[in-house]
Amino acid sequence: MIEKTSVLAQPGRRAALPIMVLLALGFVAPLLAVVGFSFMPARTFGLWHEPTLENYETIFSDNTYVSLFWSLGLASATVVLLALICYPVAYGLVRVFGRWSTVLTLLFTIPLVVSENIRLYGWVLFFIKGGVLPGTLRTLFGVEMGDFLFTPAAVLFGMVYVYLPFMLFPMTLGIAMVPNQMREAARDLGATRWQVFREVELPLSTPGLMIGSLLTFVLAVGAIAEAKVLGGQRIIPITHDIEIAFTYAQNWPLGAALAVLLMLVVSVLVLIVLRRFDLDQILGKR
Amino acid sequence: MFDSKLSRRDFLKTSASAAATLAATQVGPFAGAAHAARDKELNILCWEGYNSAQVLDPFRSSKSATVKAESLTNDPTMINRLRAGEINVWDLINVNNPWARKIMLPEKLIKPLDRAKFEPYFAKMMPQFKPPYKWAMDDSGKDLLGMAQRFGPYSFVVNTDKISRKTAEDQGWDLFNDPKLAGRFGILESDDWNVFGICCIAGFDPYQPHTPEQVAKFEETAKRILKNKKVVGDIATMNQAMISGEIDCHLTGGTYSASPARADGHLNLRGVTPNKGPLAGGKGGIAWIEITSVVNNPHGSPLAEQFLEYVQAPEVAHTVAFAEGTFNPVAQMGNPECFKLFTKDQLEAIQWDSLEEEMARSVEYDIVPDYDKLLDIWNAAKKS
Amino acid sequence: MTGTSEPILRLKNVRKAFGNLAAVDDINLSIGEGEFFTIVGPSGSGKTTLIRMLAGMERPTSGDILLRDKRINDTPANERPTCMVFQSLALFPHRTVGQNIEFALKIRNVDPATRAKRARELMQQLHLPADYYSKNVTLCSGGERQRVALARALAFDPQILFFDEPLSAIDYKLRKTLEKELKDIHRETGKTFVYITHSLEEAMVMSDRIGVMRRGKLIQVGSPNEIYSTPRSRFVSEFMGDVNVIPVESNGAGSVRSQTLGASFKVPPAAIESKAQCLVVRPEFLRFLNSPSDAQNSLKGVLYNEYALGSRIQYQVRVGEKVFLVEKLRQQPFKGKLDDEVLIGWDPENSILVADE
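Cut-offs applied
- Residues numbered from 1 in each chain as written.
- Chains lettered and ligands numbered in written order.
- Predicted model: local features only at pLDDT ≥ 70, side-chain atom pairs only at ≥ 80, totals over all residues.
- Contact = placed C-beta atoms within 7 Å.
- Helix = DSSP H or I, 4+ residues; strand = E, 2+ residues; numbered from the N terminus.
- Nonpolar A, V, L, I, M, F, W, Y, C, P; charged D, E, K, R; others polar.
- Expected span 1.5 Å × (residues − 1).
- Buried ≥ 20, exposed ≤ 12 C-beta atoms within 10 Å, placed from the backbone.
- Arc of directions from axis to C-beta.
- Axes fitted to C-alpha atoms, helices over the stretch in contact; angles between N-to-C directions.
- Parallel < 35°, antiparallel > 145°, perpendicular 65-115°, else oblique.
- Left-handed = near helix turned anticlockwise from the far one by under 90°.
- Pairing = 2+ DSSP bridges.
- pLDDT = per-residue confidence, 0-100.

## A short note on the interface of chain A and chain B
Thinking step 1. The interface is formed by 32 residues belonging to chain A together with 34 residues belonging to chain B.
Thinking step 2. Elements supplying a minimum of two residues to the side of chain A that touches chain B: α1 (11–37), α3 (64–96) and α12 (238–246) of chain A.
Thinking step 3. In terms of residue count, the dominant contributor to the side of chain A that touches chain B is α1 of chain A (5 residues).
Thinking step 4. Of the residues in the side of chain A that touches chain B, the class split is 17 nonpolar, 10 polar and 5 charged.

In structure tokens:
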């Protein structure tokens, strides 16, 4: 305490050193490399060229905004739909279904062990012409199903499906965190069931909703397989753009610039939301 | 983003260390191997098939060697990885025909083979591979640069229940210009091949330098075709969509992509080579031939050449033709010992009945002079 | 107080069973208008279940709950003119002090100005600073939160207030203050308060009447003084605090005999009942004697230890295996030394005979 020798004088810092090095190598270094690449001339493969802003100019002069728009739009729509779908389900899991909650939770969790792509191809077989759904509709009811597969709606469906657990579980936790006495107190003070929900349960479970929304938004902005598999590339999200740049186009610097742009946009959006909704304040921890 | 006081020199220094880190990450699994003796290991960069256990396991056990193979579905990516420093990693590279003589040898990414040892194998191949085979030789015709094996015509695929083979062959690429086909065709996602296809639909040869008018025409065609398409996807998606009836045909395809479905009994899916088209000599189709070359690796493995010999054996060549993934004709079918290993169903899957005439109607895969420009247009068009 | 007012709440054979277990078993009770009634009992005695039925959060398995002679068994909590202050207080953490107090009024669509006026009145009445109105409730201290919870319950002017051990988690000194404040509020508002606690001491301070619960049954109801001076069972007497209990049997008129002590004690003749099995003597009624003739009942023991209890000092005296507690005022301590032989005794009129249950 008396002598300040080095930053490593504290045992805690010394103990944290290995993980800090690992994080620096495994997380920070690749990120720095991506940032570095974004300032390299187009279609080069090293970091030793003279830095340039041409990749960013390219992004802003061509139609990249279209894919960014799709990514952000689909992610937002996914979050909104998931919030609407998951809240009742989460509410049921916590308050209504009782013993069946465990079974339902398991049913929601088990698909996670199967690769996302395989599940999406499963949905292709479900929706494809003559597939499970259109085939059944035609055979049993003589109804021809309109085009759904390979449309933006199918992409949205896939995203809602894939990211459902990531909204559901934080939400379930959020609702479970509302103390029972809080609801009873509101009811005792004269609130109807609906008023209890609106005045107490909903506001008090917002942290779960917020965490779920942030999680699903960040994940959904990075979605790519849904648009490829269910959307038949009818739309190209920004992540697919990045992939194209890194693979087919062999334009690593452009891909890196797109990745940096996406990171910036998402970070800014997340920061705005976090600033707007202070989680600590909602949770009353201040 | 950067402090203005940061000098360019500082920046380069930082970048260099970052590059070193990145390089270390990329070649991580092989990092220790570079200086070790490499006579018991082999690294292959290839299209899918050569990385299958059926092909590699017998070789592994006979040489008691560690063989690693990474499969990519894209020639430029593989070549760029050699350019980016992985020349120290790989021993063999398996790409389409033009790259060896036009790009990789001039850039010293590969090295020539022992001509006396390997040329005799060409003599046993199908007639069109008779030595000296153009794509296996350097420009001077002196050095042998690689071995041929899988090949195939690759233009587009139709469901013959919906569009007859004759109609498709007669109409050729114009099929896709027909407004009636809007919403009924797919595009097999395949970078350079998509560019070839769009050029052909636009009515000009992809392998010649293009005028600004042609580039404009390319952009218009790309946008129109993408607007009219039903789905873009991989081979599985295309075959699934064809079988289910979501689409009637798909752009970019041939025996390589249709063979898995045909092997599964869906003989109504058929790769089609147009009778005529805008390609050299009025030809309508494009064909590919894989050339496998030895990478100019300073620590190259002696197993590389042994592997090239290994896959020439009739049984192994047959295995390569029907390795996991896609099924393809192999040059070694010119050898009766090899040909007799193919069953009737297998010959049907690879469209053996029309292979010769389709190859005759096709030009060979080549490098597009303004590829980057056309690819950028194509990728931008995908988004709009 | 019992007879002076009309009953506001009556319970007839109220029973609540969870599976085979009767948490509340055949309770008959009537609580008067304006009364401060406390139900006291150890945890698991069923007092919380009982008050939850009264508030409308549980439904009785059988029996009737009558509010001003109207059966309210099936009236949900939000439609009853009653309100509960919870053990956890259950203040809404996402609301300010003002919003918490106004909650019931907002639910009833009272206009904001009236609401605010009422909230400020209550805050003043409950000694909450006026600037707390817009303070986040989670930033309030323990005592302030108690007051906010009480103000919130009072806001819509309920006819009965229920309290579910609201002071149990509060430190001693503050609890003492709040107990008195609560009694003052009771007086100011004139409302019926039904309070449950496991502390009889707390019940004594505030209540007009006390009901003692044990294993789902009300075993004695009476004024604090009745409960204190004439407990009906060993359980009630022991629940009142430290007492000396001697198992005895009747020994003819005005006398009982203890087998363990091998001694007989005089008791008031009227006190002997057939089922009387325990002799109870409060520590403050035991005294140290100079000679056995100083009291009608006496025992010889050894002074084992002493404990200072604020205004009193408690002495532990051992008679054989049996432990007796003797209390004296702090100003008049006993002069003996530890391990001294001492004589202790009491007068027959200070004997209580109760059933051994």
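## Focus: the interface of chain A and chain C
Thinking step 1. At the interface, 17 residues of chain A touch 19 residues of chain C.
Thinking step 2. The set of elements that each furnish at least two residues to the side of chain A that touches chain C consists of α8 (180–188) and α9 (193–204) of chain A.
Thinking step 3. The greatest single-element share of the side of chain A that touches chain C, amounting to 6 residues, is contributed by α8 of chain A.
Thinking step 4. Tallied by class, the residues present in the side of chain A that touches chain C amount to 9 nonpolar, 5 polar and 3 charged.

## With respect to helix α5 (residues 172–189) of chain C
Residues and elements named next belong to chain C.
Thinking step 1. The end-to-end C-alpha separation of α5 is 25 Å, in line with the 26 Å expected for 18 residues at 1.5 Å each.
Thinking step 2. Within α5 the residues assigned to the buried category are Arg175, Leu178, Glu179, Leu182 and His186. Across the axial projection of α5, the buried residues extend over an arc of 110 degrees, all falling on one side. In this structure, α5 carries Lys173, Thr177, Lys180, Asp184, Arg187 and Glu188 as exposed residues pointing more than 90 degrees from its buried face.
Thinking step 3. Where α5 is buried, its residues meet β3 (36–40), α4 (142–154), β8 (192–197) and α6 (200–206).
Thinking step 4. A positive phi of about 70 degrees marks Gly190, the residue just after α5.

## A word on the packing of helix α2 (residues 97–107) of chain C against helix α3 (residues 112–125) of chain C
All names here are of chain C.
Thinking step 1. In contact at an axis separation of 9 Å, α2 and α3 are set at 125 degrees when each is read in the N-to-C sense. Regarding the angle of α2 to α3, the classification is oblique. Where α2 crosses over α3, the handedness of that crossing is right-handed. Residue-level inspection shows Gly98, Ile101, Glu102, Leu105 and Lys106 of α2 in contact with α3, the latter providing Arg115, Ala116, Arg118, Ala119 and Leu122.
Thinking step 2. Its residues placed into classes, the contact of α2 with α3 shows 5 nonpolar, 1 polar and 4 charged.

## Describing the sheet that holds β8 of chain C
All names here are of chain C.
Thinking step 1. A sheet is described by the order of its strands in space; here 6 strands give the open sequence β6-β7-β8-β3-β9-β10, paired in mixed fashion. Two strands lie at the open edges of the sheet, namely β6 (82–85) and β10 (217–222), each paired on one side alone. Averaged over all pairs of adjacent strands, the angle between strand axes in this sheet comes to 20 degrees, irrespective of strand direction.
Thinking step 2. Sheet analysis places β3 next to strand β9 (residues 209–214), joined by 4 bridges and oriented parallel. Note on β9: the bridge partner recorded for Val40 is Val212.

## Some points on the confidence of the model for chain C
Thinking step 1. Predicted confidence across chain C gives a mean pLDDT of 90, with 97% of residues reaching 70 or more.
Thinking step 2. Interface confidence for the predicted complex, given as ipTM, is 0.82, next to a pTM of 0.78.

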